[in-house]
Amino acid sequence: MSAPEHTVELAGLTLAGPVLVASGCGGTGRELASYGALAELGGFVTRSLTLNPRAGGPVPRLWESPSGLLNAIGLQNPGVEQFLATEMPWLAQQGTRIVVSIVASTLGEYAELTRRVAGAPGVSAIEVNLSVPDAAGLGVFDVREPFHAANVVAAVLRALPRGVPLLAKLRPDPHRVVESARCVLDAGASAVVVGNSLLAAMPDGRPAGLSGPALRPVALRCVTDVCRALPEAEVVAAGGIGSAEEARAFLAAGARAVQIGTALLHDPTTAARVAADLRGAP
Ligand SMILES: Cc1cc2nc3c(=O)[nH]c(=O)nc-3n(C[C@H](O)[C@H](O)[C@H](O)COP(=O)(O)O)c2cc1C
């Protein structure tokens with residue numbers, strides 16, 4: 001475990017450090033655990049779970065673009081019940097904060113998912129994925145306007161037991177991110193995650209999310225703007241972070257913590273390494 005002085009307070013939780021694994025990029029957690037103890041990290045965000053299992057999109061689902069990665073995973077996941085039965089019990093034993101990401105098609109489905117997830121042992125917080133790049137195409141709730149995001153947050157909060165924080169994950173859209181952050185925080189979100197992968201296209205034209213280094217300057221702009229406009233907001237940064245220096249740029253902009261995603265697909269030790277570098281470990 002990290003020394004106490006490296007802990008971070010986020011959404012009323014004490015994290016072991018400022019580095020978390022981003023949703024969808026750490027597998028079930030077991031894949032990463034063979035490269036370093038998850039307990040050294042501030043937290044692990046699960047891939048976004050839906051009420052029912054989803055098979056995901058056709059292959060190829062991943063494509064390298066210059067300085068970035070395109071993904072068209074299509075929200076593949078085993079469904080919430082299977083996840084709670086087979087993945088959560090192991091995750092809950094890893095000594096790190098487990099943040100469960102959820103995504104749904106309707107407000108009612110969001111509430112139902114929240115009820116099932118929030119009561120499960122070991123769940124530290126819920127991350128609501130309000131930023132699926134191709135939401136309409138995938139048939140999930142399409143957050144076209146910031147007030148749609150606020151509606152989802154309100155629906156989740158009605159079903160969420162007191163004391164379980166809600167993180168709202170927003171699009172890295174520099175034109176709307178401040179307004180979106182304001183809306184979800186006003187609706188009761190404990191913190192915002194800025195942001196997801198950016199809507200893009202596979203070479204064959206299928207919708208995809210762009211992530212990795214190509215996204216980093218956009219994400220940094222978004223985080224900077226949110227932190228300046230809403231200095232009280234608790235912000236978690238995501239987008240192309242792969243080193244301690246890059247993480248520090250987001251922390252200096254005002255983020256409390258960072259999530260690491262795509263870099264883990266290239267080097268599964270990245271999160272542990274960035275966490276150790278930020279601690280100043282030799
Ligand atoms: C393969 C892959 C799968 C992802 N799956 C999810 C997901 O299920 N839910 C989600 O909110 N974000 C998902 N993301 C987005 C990441 O969590 C992250 O927000 C985004 O990629 C930006 O950070 P990065 O550049 O460090 O990857 C996924 C990204 C990738 C590359």
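Before reading on, note that the structure itself is shown above.
In this report, the structure presented in the accompanying data block is examined. (Residues numbered from 1 in each chain as written. Predicted model: local features only at pLDDT ≥ 70, side-chain atom pairs only at ≥ 80, totals over all residues. Heavy atoms only, no water.)

### Structural notes on the side chain of Ser211
Consideration 1: Mapped onto the elements, Ser211 comes out in strand β12 (residues 207-211).
Consideration 2: Using a relative accessible area of 10% as the deciding quantity, one classes Ser211 as buried.
Consideration 3: Apart from residues lying up to four places away in sequence, Ser211 is in contact with Gly68, Leu69, Ser197 and Thr262. (Helix = DSSP H or I, 4+ residues; strand = E, 2+ residues; numbered from the N terminus. Buried < 20%, exposed > 50% of the residue type's maximum accessible area, 1.4 Å probe, protein only. Contact = heavy atoms within 4.5 Å.)

### Focus: the pairing of strand β14 (residues 257-260)
Consideration 1: Where burial is concerned, the two faces of β14 agree: the one with Ala257 and Gln259 and the one with Val258 and Ile260 are both buried.
Consideration 2: Here 3 bridges tie strand β3 (residues 19-21) to β14, and the two strands are oriented parallel to one another. By the bridge assignment, Val19 is partnered in β14 with Val258.
Consideration 3: Note: strand β13 (residues 235-238) against β14, 3 bridges, orientation parallel. Directly across from Ala237, in β14, lies its bridge partner Val258. (Pairing = 2+ DSSP bridges.)

### Examining the environment of Ile73
Consideration 1: Tracing the chain through its elements places Ile73 in the loop between β6 (68-71) and α2 (80-86).
Consideration 2: Classification of Ile73 by relative accessible area gives partly exposed; the value is 29%.
Consideration 3: In the structure, Ile73 is positioned 15 residues away from Pro58 in sequence and 8.1 Å away in space, judged by C-alpha atoms.
Consideration 4: If near-sequence neighbours (up to four positions away) are discounted, Ile73 is found in contact with Gly56, Gly57, Arg61 and Leu62.

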